[in-house]
There are 2 protein chains.
Amino acid sequence: MLTLSFDDTSRKPRYEQLYRYIREQIASGALPVGDKLPSKRNLAKHLTISLNTVENAYAQLAAEGFIETVEKKGYYVLPVVRRARHTPAPISAPEPPATRAADKPSAYVLRTNAVDAASFPFATWSRLMRDSLREDHTTLVRELHPQGDRELRRQIADYLGEYRNMRPSPDQIVIGAGTTYLLGMLTELLPTCKFAIEEPGYTMLARTLQSRGAAFETVLVDDEGMDPARLRRSDADVCVVTPANQFPLCQVMSISRRLQLLDWAAERRQRYIVEDDYDSDYRYAVKRAATLYRIDKSQRVVYFNTFARTLTPSLRIAYMVLPPSLLDVYLPRKQLYSCTVSGFEQRTLLRFIRGGHYERHLNRMRTIYKRRRNAFMAGLQPLVDQEKITLAGMQAGLHLLLTSTTGRDEASLVKKAAEKGVTVFGLSDFFHNKAPLTNTVVAGYGGLDEQTLQRAAAALCRAWR
Amino acid sequence: MLTLSFDDTSRKPRYEQLYRYIREQIASGALPVGDKLPSKRNLAKHLTISLNTVENAYAQLAAEGFIETVEKKGYYVLPVVRRARHTPAPISAPEPPATRAADKPSAYVLRTNAVDAASFPFATWSRLMRDSLREDHTTLVRELHPQGDRELRRQIADYLGEYRNMRPSPDQIVIGAGTTYLLGMLTELLPTCKFAIEEPGYTMLARTLQSRGAAFETVLVDDEGMDPARLRRSDADVCVVTPANQFPLCQVMSISRRLQLLDWAAERRQRYIVEDDYDSDYRYAVKRAATLYRIDKSQRVVYFNTFARTLTPSLRIAYMVLPPSLLDVYLPRKQLYSCTVSGFEQRTLLRFIRGGHYERHLNRMRTIYKRRRNAFMAGLQPLVDQEKITLAGMQAGLHLLLTSTTGRDEASLVKKAAEKGVTVFGLSDFFHNKAPLTNTVVAGYGGLDEQTLQRAAAALCRAWR
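Parameters and conventions
Residues numbered from 1 in each chain as written. Chains lettered and ligands numbered in written order. Predicted model: local features only at pLDDT ≥ 70, side-chain atom pairs only at ≥ 80, totals over all residues. Heavy atoms only, no water. Helix = DSSP H or I, 4+ residues; strand = E, 2+ residues; numbered from the N terminus. Rg over C-alpha atoms; globule rule 2.2 N^0.38 Å. Buried < 20%, exposed > 50% of the residue type's maximum accessible area, 1.4 Å probe, protein only. Contact = heavy atoms within 4.5 Å. Areas by Shrake-Rupley, 256 points an atom, 1.4 Å probe, with all protein chains shown as cover. Salt bridge = Lys/Arg side-chain N within 4 Å of Asp/Glu carboxyl O. Pairing = 2+ DSSP bridges. Axes fitted to C-alpha atoms, helices over the stretch in contact; angles between N-to-C directions. Core = buried A, V, L, I, M, F, W, Y, C linked by side-chain atoms within 4.5 Å. Parallel < 35°, antiparallel > 145°, perpendicular 65-115°, else oblique. Left-handed = near helix turned anticlockwise from the far one by under 90°. Nonpolar A, V, L, I, M, F, W, Y, C, P; charged D, E, K, R; others polar. Polar contact = N/O pair within 3.5 Å; in protein donor to acceptor, adjacent residues only side chain to side chain. Buried area = accessible area lost by both parts, 1.4 Å probe. pLDDT = per-residue confidence, 0-100. Expected span 1.5 Å × (residues − 1). Disulfide = S-S within 2.5 Å.

Moving on, we get to the overall build of chain A. From N to C terminus, chain A includes 17 helices and 16 strands. The C-alpha atoms of chain A give 23 Å as radius of gyration, which agrees with the globular expectation for 465 residues (23 Å, within 12%). Viewed in the frame of its principal axes, chain A has a C-alpha envelope of about 60 × 60 × 50 Å. By residue count, 60% of the 465 residues in chain A fall in the buried class. Partitioning the intrachain contacts of chain A with sequence separation of at least 6 by distance along the chain shows that 72% fall at a separation of at least 24. When the accessible surface of chain A is summed, it comes to about 18400 Å², and 49% of that surface belongs to carbon and sulfur atoms.

All names here are of chain A. Mapped onto the secondary structure, Y278 falls in the loop between β9 (272–276) and α12 (292–295). What makes Y278 buried here is its relative accessible area of 12%. Distance in space between the C-alpha atoms of Y278 and Y445 is 17 Å, their sequence separation being 167 residues. Apart from the residues lying within four places of it in its own chain, the contact partners of Y278 are F247, F304, N305 and R309.

Residue and element names in this part refer to chain B. Going through the model one piece at a time under the given rule, you end up with 41 salt bridges over all chains. Close ionic contact of R351 with D136 constitutes a salt bridge, the shortest N to O distance being 2.7 Å. Separated by 215 residues along the polypeptide, R351 in helix α13 (residues 343–354) and D136 in the loop between α4 (122–135) and α5 (137–141) bring together distant segments of the chain. For R351, a relative accessible area of 17% gives the class buried.

Let's shift gears to the sheet that holds strand β16 (residues 440–444) of chain A. All names here are of chain A. On the basis of which strands lie adjacent, the open sheet formed by 4 strands has the order β12-β13-β16-β15 and antiparallel pairing. Only two strands of the sheet have a single partner each, and these edge strands are β12 (389–392) and β15 (425–426). Bridge analysis of β15 against β16 gives 2 bridges, and the strand direction is antiparallel. By the bridge assignment, F425 is partnered in β16 with V442. Lying over the sheet, helix α15 (residues 357–385) contacts β12, β13 (399–404) and β16, oriented at roughly 155 degrees with respect to β12.

What follows is about the nonpolar core. In terms of nonpolar packing, the biggest core is built from 170 residues, with W464(A) and W464(B) touching the most fellow members. In this view, W464(B) contacts L383(B), K388(B), I389(B), L402(B), R408(B), L413(B), K416(B), A417(B), V424(B) and V441(B); residues no more than four positions away in its chain are not counted.

For the rest of this paragraph, the subject is the packing of helix α8 (residues 179–189) of chain A against helix α9 (residues 203–211) of chain A. Residue and element names in this part refer to chain A. With their axes 10 Å apart at the nearest point, α8 and α9 run at an angle of 40 degrees to one another. Between α8 and α9, the angle falls in the class oblique. Crossing handedness for the pair α8 and α9: right-handed. Here T180, L183, G184 and T187 of α8 come into contact with α9, specifically with M204, L205, T208 and L209. In terms of residue class, the contact of α8 with α9 is built from 4 nonpolar, 4 polar and no charged.

Here we take up the environment of N113(B). Residues and elements named next belong to chain B. By the secondary structure assignment, N113 is in the loop between β3 (108–109) and α4. Separated by 206 residues in the primary sequence, N113 and Y319 have C-alpha atoms spaced 19 Å apart. A polar atom in the side chain of N113 sits 3.3 Å from the side chain of R111.

On to the side chain of T438(A). All names here are of chain A. With respect to the helices and strands, T438 occurs in the loop between β15 and β16. Polar side-chain contacts of T438 include one of 3.0 Å to the backbone nitrogen of T440. Residue contacts for T438: discarding those within four places in its chain leaves D409, E410, L427 and S428.

Counting residues at the interface gives 47 residues for chain A, matched by 51 residues for chain B. The contact between chain A and chain B buries some 4500 Å² in all, and 62% of this surface belongs to carbon and sulfur atoms. It is F122(A), E143(A) and Q335(A) that lose the most area in chain A upon contact with chain B, and together they represent 15% of the buried surface on that side. Our count for the chain A to chain B interface comes out at 2 salt bridges. When the shortest N-O distance is used, the salt bridge between E188(B) and R212(A) registers 3.0 Å. For the pair chain A and chain B, the number of links is 11 residue pairs in polar contact (both at pLDDT 80 or more). Put simply, the parts of the chain that give the side of chain A that touches chain B at least two residues each are α5 (122–135), α6 (137–141), α8, α9 and α14 (343–354) of chain A. Element by element, the count of residues in the side of chain A that touches chain B is highest for α5(A), at 6 residues. Class assignment for the residues of the side of chain A that touches chain B results in 23 nonpolar, 13 polar and 11 charged.

Quick look at the environment of A266(A) now. All names here are of chain A. Locating A266 in the fold gives a position in helix α11 (residues 255–267). Put simply, A266 and S298 are 32 residues apart on the chain and 6.1 Å apart in space, counted from C-alpha to C-alpha. Discounting chain neighbours no more than four positions away, the residues touching A266 are S298 and R300.

Turning our eyes to something else, we now look at unusual backbone geometry. All names here are of chain A. Between E199 and P200 the backbone carries a cis peptide bond, its omega angle lying at 0 degrees. Along the chain, P200 falls in the loop between β5 (195–199) and α9. One non-glycine residue with positive phi stands out, namely T48, at about 45 degrees. Topologically, T48 is positioned in the loop between α2 (40–47) and α3 (51–63). The exposure class of T48 is exposed, given its relative accessible area of 67%.

Turning our attention to the packing of helix α14 (residues 357–385) of chain B against helix α16 (residues 450–463) of chain B. Residues and elements named next belong to chain B. Where α14 meets α16, the closest approach of the two axes is 8 Å, and the angle between their N-to-C directions is 20 degrees. By the angle class used here, α14 and α16 are roughly parallel. The two elements α14 and α16 cross, and the hand of that crossing is right-handed. Counting all contacts with α14, which are made through R371, R372, A375, F376, G379, L380, P382 and L383, the residues of α16 involved are E450, L453, Q454, A457, L460 and C461. Taken together, the residues of the contact of α14 with α16 break down into 9 nonpolar, 2 polar and 3 charged.

All names here are of chain B. Spatially, the 4 strands line up as an open sheet ordered β12-β13-β16-β15, and their pairing is antiparallel. The sheet is open, and its two edges are formed by β12 (389–392) and β15 (425–426), each paired on a single side. Contacts from α14 reach β12, β13 (399–404) and β16 (440–444), with the element oriented near 155 degrees to β12. Of the strands in this sheet, β13, β15 and β16 touch helix α15 (residues 410–419), which is tilted by about 45 degrees from β16.

With that settled, the discussion passes to the side chain of T208(A). Residue and element names in this part refer to chain A. Here T208 is to be found in helix α9. What makes T208 buried here is its relative accessible area of 5%. Within the local environment of T208, its side chain forms a polar contact with the backbone oxygen of M204, the two atoms lying 2.8 Å apart. Residue contacts for T208: discarding those within four places in its chain leaves T180, L183 and G184.

Let's shift gears to the confidence of the model for chain A. All names here are of chain A. Looking at chain A, pLDDT values average 86 and 91% of them are 70 or higher. Note that residues 80–105 has pLDDT below 50 and, in this model, 43 contacts with residues that lie over four places away or in other chains. Both scores are available for the predicted complex, with the pTM at 0.75 and the ipTM at 0.72.

What follows concerns α5(A). Between its first and last C-alpha atoms α5(A) spans 20 Å; for 14 residues at 1.5 Å apiece the expected length is 20 Å, and the two agree. F122(A), T124(A), W125(A), S126(A), L128(A), M129(A), D131(A), S132(A) and L133(A) are the residues of α5(A) that are buried.

Residues and elements named next belong to chain B. Enumeration over the complete set of coordinates arrives at 0 disulfides over all chains. No disulfide involves C250; its nearest neighbouring cysteine sulfur is the one of C239, lying 20 Å away. When its relative accessible area of 6% is taken as the criterion, C250 is described as buried. Take C461: it sits in no disulfide, and the sulfur closest to it among the cysteines is that of C250, at 20 Å.

As structure tokens, then:
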């Protein structure tokens, strides 16, 4: 059994001390590859610490690819080879800098929505798709259930139970072709409601609400998340928030802010919070806070998530979890909606999650994205050292915020970067309403490999020196 | 609360009187779709009848698909077309009549929307899916084009050129997850327009327009199709029609009627015709008339079709062809819509059509359905010979219309058929507004094999003799 004494004078929390200790044990070989870790309960008892502490440490190790969860079995040490296996597969690697014009436009496009879809496990997916086509005949020839395949919904419910501590019934889950499709459906379930969305935020939400003719307002986000005082003034009935990792500001909504939002929702009938948990699977350092859905006591939270971001944008599978109060509105109307997701892919995704492939894929991607983030940050270090920029957004997601500390505005940063062949985006681009120019640009690193990111960072160093 | 006085001199038991009363309330719209019925206990108390009577009436309504039980919630009114859906459709042929009670309910469910999805070419599809996963990497990892895969759109354009003599550009085509999804998008492109839909017709269209909050009216169909005089009086801007094979009346719109509709559309700006070409691939005898899209000279026709009906309902791929005039409205807004169909399946469908598999599949299905139709018609021949019924709808599609020539109304036909284990549907079920009982029932033959259809027809002969 693992043994360590905690240093309670340390500024590091216990879970982090435990995480570091186990990591060292793995690195030194004291915990060999394939070894099973003690169960969380046993270790907590053994070290006389809370179960929570162990859970956090294990989660962190799993997130970083040191250990792996095997369903109903436990935690196992992963081989180093596997942790490092990924040979970066650039979608289309740009030519080496020497052979190309340094200022060729869009040599490096740092989009926030770019993902490393080339790491999508095509072979596994293909095999599971074949299995589904062979074995699920009766399911595949039937009219689809409007909420989506029941077994997939049960699998998603189990997943949310295991990784989000949520306990929805499969009957509360509605599967649809993308988050914006589901948001559109919500506007139909709540036709008289006014929506509030985050400012800055994800523009597609505003566009969807707009095209649906739904009333909506933007509400400014401060350091802790959507401002409840402003939300109250907006007179909205439904707010749409990204508490796990605010887009694009990359902050985690504080607990007190979460509680304030829940209070706001509980104040009146027909108030709801849409919790878009987008990107919450890509957390690198900090631990994941409990979802709003989980701590909600008044059935006011609609939980949203998507597989497009974690698998490939080509796969249009998202879902929402309706609280029982909204289910009462949805169920009598459910026959109005044909399911929008192919039965073939629902069955394949079911097998993918059930077989543990999804969790393994996430672990692998977390490692890949963390490396990309590190490579990009390392490349930007000269600018940080020269106190030209500060960085933010490292904890989660697939982009960084780069802020000039020398008074350069975003337009100038974007322009200079473009001259060196790098496309970054001004923060004000993510505001729905006219925003003053900031000193911040947004740079997505998810779609480029480490070498390319280092080159892109080097180009930015030249651009902003 | 529902109120009726029971006729105790009637030979009909109270539960049946209650059942009929509620059914009429649903048909007339007094009890709208989605409405919750009173609890059994409350209704029994209110009408001072026994709980048992209410239970029997509700059970009857549920068995016939007029209402649906939602666990722990209560009873809700179902939309018409969906009424058949939840009665179990035998995917595998039911046992031979000898071994089962002749009047066992729903032994043969003749749904209009049942297709022979078991003939879906799983092996070919699986192979092409694998090819796509292997060869289309760069396409599959990219964000999807909002209109759908460009090569698939080109392939569809070619198909329409070859089989419909239409010459759309791939840029006019928008691929989406189902016809109702695309109709929903149209309501957003034409937010101020009033829609006219066929009466009788496909209820899902009305549901979609209703849930979108779009203004719409129903316009009666006569022998030639939607009546232009009535259409004019409706003051609608957009009419939705099924000229190739009117649903559910199975008639081909006459050429003069087509021209009249086109004239109507050309009269004013912002008038459009949505041509739903659904089922036009299943024509057995008569030749296909030119589509409205093809003979339109004023860019007023939006052409709709789907692959769900010809391949399997599990596949959610439909498309629309926008006329250039509407494309001008769509294009500036297209970034508001994420594509709702998976890239994997778009690429697989591309290969399926390109490789000639789609055309072969259609030919095969035409033969299968023609055989099924013939088997069903042969089985019904005794009733025709005895001049009890006449048949219609043989030329196309997947259902027949059976009309009593002895003055029996549809309710009696449906009830007698049900007693012999056959579920057919009164024509008035397909009316959006209250319709008088007709002498016609609608019987879908697409989902049952020849032997089963013969048995079903034999049961109908016994029922209606």
